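Secondary and tertiary structure notes
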Amino acid sequence: MKKSRPILWILIIAAVASAGYYGWQKFSPAATTQTAKAPPRPSAIPVSVAPVQKTDFPVYLTGLGTVQGFNTVQVRSRVDGQINRLEFKEGQIVQQGDLLVSIDTRPYQAALDQAKAKKAQDEASLANANLELQRAMKLGEFATAQRVDTQRSTVAQLTAQIAADEAAIANAQTQLDYTQIKAPITGVAGLRQVDIGNIVNASTQTGIVTISQVEPITVIFTAPEDQLPYISDGQKTGALKVIAFTTDGKKTLAEGKLAVINNQVDTTSGTIRLKAVFDNKDHALWPGQSVSTRLLVRTLKDATVVPDDAVQHSTNGLYAYTVNPDNKAEVHKIKVSYAIDGRSVVDEGLTPGQQVITGGQFKVQPGSLVSTAVASSDPAQKKVRQE
């Protein structure tokens, strides 16, 4: 018992010393000051930013359209007969006046020959009648007036008959010419509807082939009726530009000009039909094709423009985050009037030169510390650089 008492006192003294040192570390003024000076520093939120720009902004009306041939002709026969030859290939570009189809000419050649023979016969009769008239007039008082008048009438009748013969010859020649069916326009020949040996009739509704003119070519599309005043005003300064895209809007097909505004608005849909003309030298547009269209109505001068990714939506409207000089996020309520091609026109809430946050907004709150990455316009560099 006597030996264990010193050990017990040593343990008690050690415990008291440890408690005193812990209390001094925790509650001394120096420790409190050191703790107050080193609060935990919040980490910066990585975001992407882009500048608010002041630039000209083209305003386009987008829609869907259908390509139509500038002229489309269904070639039909104007006479009856059997097809002897087809002088074209399906899908071939034919020129105006090219021979397409040959029909059996024999019946029409015979009719032409008959009309010519009839004229020759009447010309011989007219010549004889003129001789008779001259003889009657030479007889003088020995020829009765009735005989002279009758002979003059005969000459006049035969003269009129020859005029009718000439008309019959012209008609027969026309019918013969119709056996050679030629292209009425320059364009692309479609699939033929008849083959060699078929009998065609002038009265049938089925054509031989359809030809569509593709240089130039047209696109029919619609625009909302409330845009009609802007379209009309734009046309006063010149033809408005129209761009045709594939239906997914990813590939540009051709650029043309607005040619026609329809003479009335469709009251059912509240739209106006428009026609644009394209040169189509590369045949990128084809009749019947569906395309997306963009009509350049006007250009806004010195508009405030931001990337679409900067525009955020909430129940209270649109807003955007900007980064102030202290690299802290600020929220701005904005109003957007137009948006196209990844850019939006801001009417209120932002000024040119500000930096708007375009990526990483889901982590950002007003006043949040951010680290920015700016999109680079140089394609040879990385698309994002850190600042």
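Residues numbered from 1 in each chain as written. Predicted model: local features only at pLDDT ≥ 70, side-chain atom pairs only at ≥ 80, totals over all residues. Heavy atoms only, no water.

Attention now goes to the sheet that holds strand β8 (residues 187–189). The strands that make up a sheet are held in pairs by hydrogen bonds between backbone atoms, and each pair lies either parallel or antiparallel. With antiparallel pairing, the four strands of this open sheet are ordered in space as β3-β10-β8-β5. The strands lining the two open edges of the sheet, one partner per strand, are β3 (72–75) and β5 (93–94). Pairing of β5 with β8, which is carried by two bridges, proceeds in the antiparallel orientation. Within β8, the position partnered with Val94 by the bridge is Gly187. (Pairing = 2+ DSSP bridges. Helix = DSSP H or I, 4+ residues; strand = E, 2+ residues; numbered from the N terminus.)

Using the criterion set out here, one finds one aromatic pair in the structure. When the centroid spacing of 5.8 Å and the interplanar angle of 90° are considered together, the rings of Tyr319 and Tyr321 count as edge-to-face. What makes Tyr321 buried here is its relative accessible area of 8%. The aromatic ring of Phe245 is capped on one face by Arg294, whose charged end is 4.8 Å from the ring centroid. (Phe/Tyr/Trp six-rings, centres within 6.5 Å; stacked < 30°, edge-to-face > 60°. Buried < 20%, exposed > 50% of the residue type's maximum accessible area, 1.4 Å probe, protein only. Lys NZ or Arg CZ within 6 Å of the ring centre and 35° of its normal.)

With respect to topology, four strands assemble into an open sheet ordered β7-β6-β4-β9, the strand pairing being antiparallel. What marks the edges here is a single partner per strand, and that holds for β7 (180–182) and β9 (199–200). Two strands pair when backbone bridges link them, and strand β4 (residues 81–86) and β9 are joined in this way by two bridges, in the antiparallel orientation. When the bridges of β9 are listed, Gly81 appears paired with Val200.

Counting residues in each nonpolar core, the largest one holds 24 residues, and the members touching the most others are Phe88, Leu100, Val101 and Ile211. Looking at this core, the elements that each hand over two or more residues are β4, β6 (99–103), α3 (106–138), α4 (145–177) and β10 (209–212). If you look at the next biggest cluster of nonpolar residues, it comprises 23 residues, including Val188, Ala254, Ile272 and Phe278. (Core = buried A, V, L, I, M, F, W, Y, C linked by side-chain atoms within 4.5 Å.)

Worth remembering: the numbers are spatial, not functional.
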